[in-house]
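# Structural overview for review
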Amino acid sequence: AQSVTQLGSHVSVSEGALVLLRCNYSSSVPPYLFWYVQYPNQGLQLLLKYTSAATLVKGINGFEAEFKKSETSFHLTKPSAHMSDAAEYFCAVSETGGKLIFGQGTELSVKP
Amino acid sequence: DSGVTQTPKHLITATGQRVTLRCSPRSGDLSVYWYQQSLDQGLQFLIQYYNGEERAKGNILERFSAQQFPDLHSELNLSSLELGDSALYFCASSEGGQGGSYEQYFGPGTRLTVT
């Protein structure tokens, strides 16, 4: 069965610093991988997705993620954090039928 | 705005009761997914419908059921409610029903509180 592990339930960075949110997946077949963001009291918004076209995936709001098969990782990065990036971030893997398997989430705090 | 609508936004009810959550997918999307988000279980897939037919089932309790209607809106029915059913319930929709590459668009959720 596919699974996702997000390392660190809480990450805190200073405004302007690099954001790195870690995600490792387990899958017996080439995976489809996603990052979603959830702002307080809102639904999930898709940041980016990997579908094997390119290993470096660019998403919205300046985020990108790199698929590394050898490390079974799909870490999310952003060069410079903004206060508005404070939210919870979820990594997910998609099974063949389409259902998403989510990691436990990482709450990102941005300090001024 | 994802284009997925969910009603009601909040629901407070007592143990033993039954509730119905409603979801309207984005225009053109044929698949509807239901997820439950709770502090202890995180985000968990419940069930998927594609063009009116059940396509996949997750760890959905027998007390829960869902359906998708001809106009593609979906309803999630929760019965004999327990305190542990308190959670945020999300609906998502996607264009396709198979193949994991389809993007899922999430609604704002229904927050269910069972007292």
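Going by the structure above, here's the rest.
Residues numbered from 1 in each chain as written. Chains lettered and ligands numbered in written order. Predicted model: local features only at pLDDT ≥ 70, side-chain atom pairs only at ≥ 80, totals over all residues. Heavy atoms only, no water.

### Structural notes on the pattern of salt bridges
Quick reminder of the rule: Definition used for salt bridges: Asp or Glu carboxyl oxygen within 4 Å of a side-chain nitrogen of Lys or Arg. For the purposes of this entry, the term helix denotes a DSSP run of H or I that reaches at least four residues, the term strand denotes a run of E that reaches at least two, and both are numbered from the N terminus. When accessible area is computed with a 1.4 Å probe and restricted to protein chains, residues below 20% of their type maximum are described as buried, those above 50% as exposed, and intermediate ones as partly exposed.
Enumeration over the complete set of coordinates arrives at 7 salt bridges over all chains. For K49 of chain A, the salt bridge is made with E103 of chain B, and the minimal N-O distance between the two is 3.3 Å. Of this pair, K49 of chain A sits in strand β5 (residues 44-50) while E103 of chain B is found in the loop between β9 (87-94) and β10 (105-106), placing the two residues in two different chains. The salt bridge partner of R63 of chain B is D85 of chain B, with a shortest N-O separation of 2.8 Å. Of the two residues, R63 of chain B sits in the loop between β6 (53-57) and β7 (64-68) while D85 of chain B sits in the loop between β8 (74-78) and β9, which places them 22 residues apart along the sequence. The same class applies to R63 of chain B and to D85 of chain B, which are both buried. Salt bridges sharing partners connect three or more residues here, namely R63, E82 and D85 of chain B.

### Considering the interface of chain B and chain A
The figure often quoted for interface size is the accessible area lost as the parts come together. Spelled out, the test is: The contact rule is simple, with two residues in contact once any of their heavy atoms fall within 4.5 Å. Throughout, buried area stands for the accessible area (probe radius 1.4 Å) lost by two parts on being put together, summed over both. For the purposes of these results, a polar contact is taken to be a pair of N or O atoms within 3.5 Å, where, inside protein, one atom must be able to donate a hydrogen and its partner to accept one; residues adjacent in sequence count only when each atom of the pair is a side-chain atom. Only Asp, Glu, Lys and Arg are considered charged in this grouping, and only Ala, Val, Leu, Ile, Met, Phe, Trp, Tyr, Cys and Pro are considered nonpolar; every other residue, Gly among them, is considered polar.
Contact residues are listed per partner, giving 22 residues for chain B and 20 residues for chain A. Taken together, both faces of the contact between chain B and chain A bury some 1,600 Å²; the carbon and sulfur share is 54%. Across the chain B-chain A interface, the total number found is 1 salt bridge. One can count 5 residue pairs in polar contact (both at pLDDT 80 or more) joining chain B with chain A. Of all the secondary-structure elements, those providing two or more residues to the side of chain B that touches chain A are β4 (31-38), β5 (42-50) and β9 of chain B. Sort the elements by how many residues they give to the side of chain B that touches chain A and β5 of chain B lands first, with 4 residues. Of the residues belonging to the side of chain B that touches chain A, the class tally is 9 nonpolar, 11 polar and 2 charged.

### Observations concerning the pairing of β5 of chain A
Residue and element names in this part refer to chain A. Let me state the cut-off plainly: Think of it this way: DSSP has to see at least two bridges between two strands before they count as a pair.
Counting buried residues along β5, 5 of its 7 residues qualify, which places the element largely inside the surrounding structure. Bridge count between strand β4 (residues 32-38) and β5: 6 bridges; the pairing is antiparallel. Bridged to Q38 within β5 is L44. Connecting β4 to the antiparallel partner β5 that follows it, the hairpin turn spans 5 residues, and N41 within it adopts a positive phi of roughly 60 degrees.

### Description of the sheet that holds strand β7 (residues 64-68) of chain A
All names here are of chain A. Counted only if it meets this: Note on geometry: axes are C-alpha line fits, over the in-contact stretch for helices, and angles between N-to-C directions span 0 to 180 degrees.
In space, the 5 strands of this open sheet follow the order β1-β3-β8-β7-β6, with antiparallel pairing throughout. Two strands in the sheet have a free side with no partner beyond their single neighbour: β1 (3-7) and β6 (56-58). For this sheet, the mean angle separating the axes of adjacent strands, direction not counted, is 20 degrees. Judged from the 4 bridges that link them, strand β3 (residues 19-26) and strand β8 (residues 73-78) form a sheet pairing that is antiparallel. Looking across to β8, one finds that L20 is bridged to T77.

Any link to function would need more than the numbers given here.
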